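# Observations on the three-dimensional arrangement
Each chain is listed here by its residues.
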Number of protein chains: 2
Amino acid sequence: MQKLDSASKPDQKPPRARGRPRAFDRTEALDRATRLFWENGYEATSIADLTGAMGVGAPSLYAAFGSKEALYEEALRHYADTNQHFVWDGYFAAPTARAAVRALLMDSAAALTGCVADMPRGCMVALSNVGGDGHDDLRELVRGARAITLDRLKDRFARAVAAGEIPASADLHALARFVQTIQTGMSILARDGAGREELKAVAALAIAGWDARLAGDGAQD
Amino acid sequence: MQKLDSASKPDQKPPRARGRPRAFDRTEALDRATRLFWENGYEATSIADLTGAMGVGAPSLYAAFGSKEALYEEALRHYADTNQHFVWDGYFAAPTARAAVRALLMDSAAALTGCVADMPRGCMVALSNVGGDGHDDLRELVRGARAITLDRLKDRFARAVAAGEIPASADLHALARFVQTIQTGMSILARDGAGREELKAVAALAIAGWDARLAGDGAQD
DNA sequence: TCCTTTATGTAACGTTCGATACATAATTAG
DNA sequence: CTAATTATGTATCGAACGTTACATAAAGGA
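Residues numbered from 1 in each chain as written. Chains lettered and ligands numbered in written order. Predicted model: local features only at pLDDT ≥ 70, side-chain atom pairs only at ≥ 80, totals over all residues.

## A closer look at the overall build of chain A
Here is the rule: Working definition: helices are DSSP H or I runs of at least four residues, strands are E runs of at least two. Numbering for both runs from the N terminus. With C-beta atoms placed from the backbone, the exposure class of a residue follows from how many other C-beta atoms lie within 10 Å of its own: 20 or more, buried; 12 or fewer, exposed; in between, partly exposed. Residues are defined as contacting one another if the C-beta atoms placed from their backbone atoms lie within 7 Å.
Tallying secondary structure elements over chain A gives nine helices and zero strands in all. For chain A, the α and β elements follow one another from N to C terminus as α-α-α-α-α-α-α-α-α. Expressed as a percentage of the 221 residues in chain A, the buried residues total 39%. In chain A, of all internal contacts separated by at least 6 residues, the share reaching a separation of at least 24 is 63%.

## What to know about the protein's contact with DNA strand C
Just so we agree on the cut-off: By convention here, the C-beta atom is placed from the backbone, and a residue is near a molecule or strand when that atom is within 6 Å of it. Three categories are distinguished: nonpolar for Ala, Val, Leu, Ile, Met, Phe, Trp, Tyr, Cys and Pro, charged for Asp, Glu, Lys and Arg, and polar for the others, with Gly belonging to the last.
With respect to spatial proximity, 26 residues lie near DNA strand C, and among them Gly-19, Arg-20 and Ser-60 of chain A together with Arg-20 and Ser-46 of chain B are the closest. If you list the elements that add at least two residues to the surface near DNA strand C, you get α3 (58–65) of chain A together with α2 (47–54) and α3 (58–65) of chain B. Looking at side-chain class alone, the surface near DNA strand C contains 13 nonpolar, six polar and seven charged residues.

## Notes on the confidence of the model for chain A
All names here are of chain A. Rules: For every residue, the pLDDT score states the predictor's confidence, bounded by 0 at the bottom and 100 at the top.
Model confidence for chain A is summarised by a mean pLDDT of 90, while 88% of its residues fall at 70 or above. Every residue in residues 1–13 is under pLDDT 50, and counting partners more than four places away or in other chains gives zero contacts. Across residues 217–221 the pLDDT falls below 50, and counting only partners more than four positions away or on other chains, this stretch makes eight contacts in the model.

## Digging into the protein's contact with DNA strand D
Inspection of the region around DNA strand D gives 26 residues, with Arg-20 and Ser-46 of chain A together with Gly-19, Arg-20 and Ser-60 of chain B positioned closest. Tallied by class, the residues present in the surface near DNA strand D amount to 13 nonpolar, six polar and seven charged.

## Some details on the relation of the copies chain A and chain B
Quick note on the threshold: The superposition of copies rests on a least-squares fit of C-alpha positions from residues with pLDDT of 70 or more in both.
Least-squares fitting of chain A to chain B yields an RMSD of 0.0 Å, with the superposition described by an axial translation of 0.0 Å and a rotation of 180 degrees. Given the turn and translation reported, the copies of this chain are related as if by a two-fold rotation axis. By residue overlap, the copies meet face to face through one surface: 100% of the interface positions of chain A are interface positions in chain B.

## Some thoughts on the interface of chain A and chain B
Opposite the 41 residues of chain A that make contact, chain B presents 41 residues. Among the elements of the structure, α1 (26–40), α6 (124–127), α7 (136–162), α8 (172–191) and α9 (196–216) of chain A are those that each provide at least two residues to the side of chain A that touches chain B. Top element by residues in the side of chain A that touches chain B is α9 of chain A. It accounts for twelve residues. A breakdown of the residues in the side of chain A that touches chain B according to their chemical character gives 19 nonpolar, ten polar and twelve charged.

## Thoughts on the nonpolar core
Within soluble globular proteins, side chains that are nonpolar tend to cluster in buried spots. Put simply, the test is: Each nonpolar core consists of buried Ala, Val, Leu, Ile, Met, Phe, Trp, Tyr and Cys residues. Their C-beta atoms, within 7 Å, join them into a set.
Ranked by internal contacts, the top residues of the largest apolar core, which has 120 residues, are Val-179 of chain A together with Val-179 of chain B. Setting aside its immediate chain neighbours within four residues, Val-179 of chain A contacts Val-101, Leu-104, Leu-105, Leu-153 and Ala-206 of chain A.

## What to know about the environment of Asp-25 of chain A
Take Asp-25 of chain A: it is sitting in the segment before α1. Counting along the chain gives 149 residues from Asp-25 of chain A to Ala-174 of chain A, while the straight-line C-alpha distance between them is 45 Å.

## Details of α7 of chain A
Residues and elements named next belong to chain A. As a reminder of what qualifies: Residue count minus one, scaled by 1.5 Å, sets the expected span of a helix.
Under the 1.5 Å per step criterion, the end-to-end length of α7 is 39 Å for 27 residues, consistent within 8% with the ideal 39 Å. Listing the buried residues of α7 in full gives Val-142, Thr-149, Leu-153, Arg-156, Phe-157 and Ala-160. Directly beyond the C-terminal end of α7, a positive phi value near 85 degrees is found at Gly-164.

## Description of the packing of helix α4 (residues 68–93) of chain A against helix α5 (residues 97–112) of chain A
Helix packing geometry: the angle between the two helix axes and the distance between the axes. Residue and element names in this part refer to chain A. The condition that has to hold: Axis lines are fitted through C-alpha atoms, for helices just across the contact stretch, and the angle between N-to-C directions can take any value from 0 to 180 degrees. When describing relative orientation, an angle under 35 degrees is termed roughly parallel and one over 145 degrees roughly antiparallel, while 65 to 115 degrees is termed roughly perpendicular and anything else oblique. A clockwise turn of the near helix away from the far one marks a right-handed crossing, whereas an anticlockwise turn of less than a right angle marks a left-handed crossing.
Interhelical geometry of α4 versus α5 gives an angle of 160 degrees and a closest axis separation of 8 Å. When the interaxial angle is binned, α4 and α5 end up roughly antiparallel. In this structure, the crossing between α4 and α5 has a hand that is right-handed. In this structure, α4 uses Phe-86, Val-87, Gly-90 and Tyr-91 to contact α5, whose residues at the interface are Ala-100, Ala-103, Leu-104, Asp-107, Ser-108 and Ala-111. Considered class by class, the residues forming the contact of α4 with α5 number seven nonpolar, two polar and one charged.

## Topic: the environment of Thr-51 of chain B
Residues and elements named next belong to chain B. You can see Thr-51 is positioned in helix α2. For the pair Thr-51 and Arg-32, spaced 19 residues apart in the sequence, the C-alpha separation amounts to 9.6 Å. Excluding anything up to four places from it in sequence, Thr-51 contacts Val-56, Gly-57, Ala-58 and Leu-61.

Below, the structure is given as structure tokens:
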């Protein structure tokens, strides 16, 4: 669609568009939309809400983003781009799988309770249900986004097995599901008002479960 | 249709109401409505959806239930009445707090993945967000319903401390939040397709965390 | 300059939303 | 029987929904 400036040199400057320039900052508008969807979900956020918060007329919104569904998709991507690092940077920097899980859950406890001022509580991805009727494509999109956590955990655990940190007998899938359950559940608790210290205590208990299962091994329950 | 041999003895039957009798079974209609709300949530379920599934005209629906909000409230209560026992019976019957938690999580793993045929996945209470705009009363109602779990857990743990099962030094609130987080998170995973055995493995890991924290005690992390 | 292109603001589109007026049917009370 | 009462079906209400036509404004290309 874009990037086909065949003629001149591949300048790094965005050459001014042709027609009337848009009067609003597209990224900032997207940011406002993201926050609304994050707080209220897809169904409960109307176009009127969006245009109001974005400071943009409806035709401009549609010209810039296509449709409500397309805007939601972009908002979801924007959310991931701008908020992922709060939760995943420590995870990817950690030297061991245990430290990675600990970082993920502790950083999640912080981020989900508003690590920066006036951030909505809970994870936009975890909390979007995107109602069951129409919008099957959005539902799949969100499910896919939620599945990424599981994949990352399983990948990391597999490497930990290769590195000898985790015994080969461990059920990596179950461990990943466990961590995913904790992180997901924390979003709903955060939305309901649970505080940061409460969620950190939950994370600490999850780590205790991790240790118990991986130290004791085969502690059949 | 049903048992209307009026001629015979004057039973202590509920005396027939005065006007034209309603042509549908109120409880069954409520059951259908509950299922719809459970599957799709409040916002994504329209009156047309409801009247269709309940086999009732809109005026009858409003005459019987008042409004969409009132119907949702009643559906939520109906859901609790008819489904609570799947998850809480074992909990209340358990002799120890540990056994109670184990029963709660294991039974939740079963119930949330459809312990009876064709039951929606996940807990209706945990999964309702009830969008942020209007409907503040419903949001509070659902939050209150979610808070019940925490109260029950803390009550049970307090009794376990009194009975000497749990050391008095334990952080009962954190333990309760931990269990609540697991159970809540399992609902979203179940809705996304996680299987019963996966969730039972998660429950087992949570119990391992419980044991680790309560056996080792003060295992500061 | 004029022409094309793109964005904006107003105003409205058709649809669906939750909720009802109204006439009619079905039942009890007297 | 008649009167009162309640439920149902049709048809529709005003409002809000997501979306777009249209005329106008602001930019670059000729």
